[in-house]
Amino acid sequence: MAKPHVNDRGFIRCPCNRCINNAQHQLEVLETHIHRFGFMSDYNEWIYHGENVNAASSSNVPQPNSGVHDRDEMFEVLEDIISNDAEVDQLGSQSSNVQYDDLFTALNSELYPGVSSFSSLNFLVKLMHLKVMNKWTNKSFDELLKLLKLAFPKMDLVESHYEAKRLMTKMGLGYQSIHNSMSETCPVCSESRWKMQEGRRMGKNVPHKVLRYFPLAPRLKRLFAMSKTAKLMRWHQAGKSTDDNVMRHPVDGRAWKDFDRKHPEFADDVRNVRLGLAADGFNPFNNMSISYSMWPVVLTTYNLPPWLCMKPEYLMLSLLIPGPQSPGKDMDVFLRPLIEELKELWENGIDTRDAGNDRKVFKMRAALLWTVNDFPARSSLSGWSGQGYKACPTCNEDTPSMRVIGKTAYFGHRRFLPSTHRWRSNLDFDGRTERKRPPRRFSSVDIMDQLRRVKTSIPGKHPNYGGVKRKRGDDELNWRKKSIFYELPYWAEIELKHNLDVMHIEKNICDSLLRTLMGDPHKSKDTDNARRDLQHLGIRSELHLYEDGNKLMKPAAEYTFSEANRRKFCRFVRSVKFPDGFAGNLSKNVAHNDSRIVGLKSHDCHVIMQRLLPVGCRSLVNKTISSTIIELSFFDIMIHLVLHLPEEAILGGLVYMRWMYPFERYLKRLKDYVRNAAKPEGSISEGYVVDEALTFCSRYFDDIETRFNRPDRNDDGIHRTSRLFVFESQCKPMGKQSQVYVEKNVRDRAEFYILNNSPEIETYLNQHKQELQLRGCLNPDEAHRNEFADWFFEKIYAMNRVHAPEVTHELLSLASKSNIFVSSYPACIVNGVRFVTHARDVRLKTQNSGVSVPGTENENFYGQLQQILEFSYLNDFSVVLFKCKWFRCDSRRMVTENNITSINITSESYKDDQFILASQAQQVFYVEDPSRGPNWRVVQHVNHRSIWDITEDGMSDIDLLQDNSSSNFTLFVDLGNLPQINLQRNDGDVIPIVQPFTTVSQHVNKTASFLNDDDEDDVSEEDDETVEESADEETDEGNDDVDTEEDDDDRSYHTSDSK
């Protein structure tokens, strides 16, 4: 009888004793509920199932609890959770419903007798959500529960945080604990599964290692359980660029398109999921002196829009590899459960209900597109060692390298130049002519041929098995293993398997470059051995070490700052002020005596490389050197990897979706879960599952602040719509409001600007100009500015008297002119951007007074914000204007070199045209230009990370790399016309070398065999392997730190160079 009365989604009210017609389920679930919980005894007339619908008003028919459940968000939450549970839908088993019993009991319970606005479950979930959002401690939460119980004794509430967490876990997706061996002993090395003490098992069975695995399929299904997220999972198809020259998402990259071409059956359904994987080690303790390395494996979903897929709410923890040691080259052992599930999702898929398509079931499949890791972790995942002569995974066996004193250096970058380039014949690089072609591009077939020659090794660190250091054969190249990822059927054909992490590469290059420029005695790449290398190569004779009596002297180089210039550069960095939220306060990183810069985090290095270094060093070093941003012989593998970043950008798309910044910040969130230092992995696992459940529930909450609806720091909160464009120029004022009287001539200019920038009255503007021409006015433009406001007022009021339909309240208010008193503010927020007047800005640590507006001929006008004025009109309409000081932008006072624009701030222009609409302003900031004098500033444009300029068709006009405050200009240098220069600094500065005296000739002769590139093949492979293993051990211990969201990663790679 009930079957014909299901709704369009296949759901019907459930008349069991638990649901009492409050919940809706599919028929299979309904039958299970009735069988298990019994049928409602007082439900005699089946008004919800087709019988006597007119009897709904009968008093003896039980009605759904409209007081609680029809308004309770948790009802919808549980409905979406249960309806997308494949076990419930397909099997209808009783055991699969047990976990929801306590949830439905709490849902059907009033929080307090007579209080129908909250169910007990709803209140508890929101209270837990507040705890997570505001980072309450467990103890403070317990104390709050006790206080609520004392104040409201009849409140139906749990007794402790432990009970609340246990209830929340039932809404989560859980995890699996996998021991290091499922049998009592290891099948390979016969070691006991359990920890032993004095040869006996400890009192309680404690496994050596426990891997926490968070199944992927249920988490992907939850993305389709809610209609909002289900629709977002299709964004990559609807939002991809239609212009081949525009890239805003990985879907626009060549690798994604190639994958679709090779697997059309996968690409046919846009709901199939594309994943990215990141793994990194971190120390879960606040005490960094404790050596502990835990490795989370995190997945991101690239189906989502670019502004969501890297948000922590959409990242999924997949594996938690336990410490205290790093897994290193045995990473594949821990990846096994994830790989097996990925294989299942690719080959068979899983039935999933799509809430965005009437909850119809479809077969969801998933594929792993690539991994994102720092360079040492990349070696562990890919199987290609990042050490030795062939360290570059892209160049493979063609990696251009040579042995120098104490390390392997990566030269030969002239191979990438055109064959006719004059630099190929220049002997100043390494003393020889470069005739080699660029490194080959290795196809998937070539890589698989190499992997077939790699010997299979037993994983593990047992001294009798996998722990033995194995000497690689010549035919194995730098392969240490065949990665487990090759078990995925599609992996071998993927063009971009492992991304080079721009964040860490940029950090290491910045450290090397900055320390060398600053002449850091401990971290500079301009070492004594580097000078000896130059002498052996027979190049740069002016930089060679020489003997002065019983001392060995090192000439000062042009690419290092003198002491005076070093202090100038430090003062320059100290003087820089960034816009709000753009970057950290770098003045804190400058030593008090302006002698050095210390404590730079990854994002600090990003800003210095993109914004400050090209500007600050222009006047402090030779122009040729500053243009090329230094030519040095410190070419470690990080410098070499830069050559491959452009190609990866073409393959994978935008950098900010393929670097480690969001994942490093996510590690900080995982670290906050640790409440029991004795069991950090367990704390993180339990905390993650609860937070995951609360995050899912919070998507349904509108009456409290959640991660999804909380306003941004610079949210203006104004979404006023109007028929007139100028009335939409609103702001969120900040600071004290003051009423100021504006002189009539100034107010007239402001009002004309408002009228002239109203496209809706363009007809009236043109009509007035035509009348002036008919009058034969000698200066029609000036007359138009002076007379239009009065003419427009008379025109509109005359039309209003005859009730002309085109005269609206807005048009009438605009024609009536503004109030003589104007509201003034010291700061405001417009379109998510904070602006501050210059008078207030000079007292702050940030700089938010720089403004820019585009001109009519692709030029920009630059200025400083002087006043923020709000002009009031009739009917509560208003217009916010910025009064600015505009700088002259002629060729004498604004100069652009290498895409760096400098402007003179002492010359003012447009004194009679100072106003712009607040909504027209674009923010810039100014940096001192040491190369041109104290009155010159370098203009830096700003694209804010939280603002996405997406038009209705999905088109983006901004540099999406700016999501992490990147530069929006490209430094272009014509390297072909560089003159021959002397790299010795001419200030006479010479650095004595403090070490046991050894003559230059003795040292060169002693190391000559290691410096000869032709003898590279004679270097022992065993030596290469030893360096590699030592570096791997250092990396395992060195990559255990986690940075806060404000202070990003501060690590350096442990390459053979740093060793």
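This text goes with the structure placed above it.
Residues numbered from 1 in each chain as written. Predicted model: local features only at pLDDT ≥ 70, side-chain atom pairs only at ≥ 80, totals over all residues. Heavy atoms only, no water.

Brief notes about the packing of aromatic side chains
Which entries qualify depends on this criterion: Only the six-membered ring of Trp is used, alongside the rings of Phe and Tyr, when aromatic pairs are assigned; centres must lie within 6.5 Å, and planes under 30 degrees apart are stacked while those over 60 apart are edge-to-face, with the rest tilted. Only runs of H or I of at least four residues qualify as helices and only runs of E of at least two qualify as strands under DSSP, and these elements are numbered from the N terminus. Using a 1.4 Å probe on the protein chains alone, a residue whose accessible area is under 20% of its type maximum counts as buried, one over 50% counts as exposed, and one in between counts as partly exposed. Only when the NZ of Lys or the CZ of Arg is both within 6 Å of the ring centre and within 35 degrees of the ring normal is a charge said to sit over the ring.
Under the definition given, this model contains 33 aromatic pairs. When the centroid spacing of 6.0 Å and the interplanar angle of 80 degrees are considered together, the rings of Tyr-112 and Phe-152 count as edge-to-face. With a gap of 40 residues between them, Tyr-112 in strand E3 (residues 110-112) and Phe-152 in the loop between helix H6 (138-151) and helix H7 (161-169) connect regions that are remote in the sequence. The class for Tyr-112 is partly exposed, based on a relative accessible area of 24%. With a relative accessible area of 38%, Phe-152 lands in the partly exposed category. By the ring-pair criterion, three or more aromatic residues cluster together here, those being Phe-259, Phe-266, Trp-346 and Tyr-490. Positioned over the ring face of Phe-696 is Arg-222, at 4.9 Å from the centre of the ring.

Looking at the side chain of Glu-870
The test is simple: Two N or O atoms form a polar contact when they lie within 3.5 Å of each other; inside protein one atom must be a possible hydrogen donor and the other a possible acceptor, and for residues adjacent in sequence the pair counts only when both atoms belong to side chains. For this analysis, residues touch if any pair of their heavy atoms sits within 4.5 Å.
By secondary structure assignment, the location of Glu-870 is in strand E26 (residues 860-872). A polar contact is formed between the side chain of Glu-870 and the side chain of Tyr-825, at a distance of 2.9 Å. Leaving out residues up to four positions away in the same chain, Glu-870 has contacts with Gln-730, Val-822, Ser-823, Tyr-825, Ser-878, Val-879 and Val-880.

What about the pattern of salt bridges?
Quick note on the threshold: Each reported salt bridge corresponds to a side-chain nitrogen of Lys or Arg within 4 Å of a carboxyl oxygen of Asp or Glu.
Evaluation of the coordinates by the stated rule reveals 40 salt bridges. The partner of Asp-511 in a salt bridge is Lys-507, and the shortest N-O contact between them spans 3.3 Å. Taken together, the residues Asp-511 and Lys-507, both in helix H16 (residues 502-518) and 4 residues apart, mark about one turn of the helix. Three or more residues are tied together by salt bridges with common partners; here these are Arg-234, Asp-269, Arg-271 and Asp-354.

Some points on the environment of Ser-595
Turning to its location among the elements, Ser-595 is positioned in the loop between helix H18 (563-575) and helix H19 (602-616). Sequence separation of Ser-595 and Met-518 is 77 residues, and the distance between their C-alpha atoms is 8.6 Å. Not counting chain neighbours up to four residues away, the residues in contact with Ser-595 comprise Met-518, Arg-566, Arg-567 and Cys-570. Among the polar contacts made by the side chain of Ser-595, one reaches the side chain of Asn-593 at a distance of 2.7 Å.

Some thoughts on unusual backbone geometry
Residues Gly-323 and Pro-324 are joined by a peptide bond in cis, for which omega reads 5 degrees. Mapped onto the secondary structure, Pro-324 falls in the loop between strand E11 (316-321) and helix H13 (331-347). One non-glycine residue, Arg-540, lies in the positive phi region at around 50 degrees. With respect to the helices and strands, Arg-540 occurs in the loop between helix H17 (528-537) and strand E18 (546-548). A relative accessible area of 11% means that Arg-540 is categorised as buried. Notably, Asn-875 is not glycine yet its phi reads approximately 60 degrees, a positive angle.

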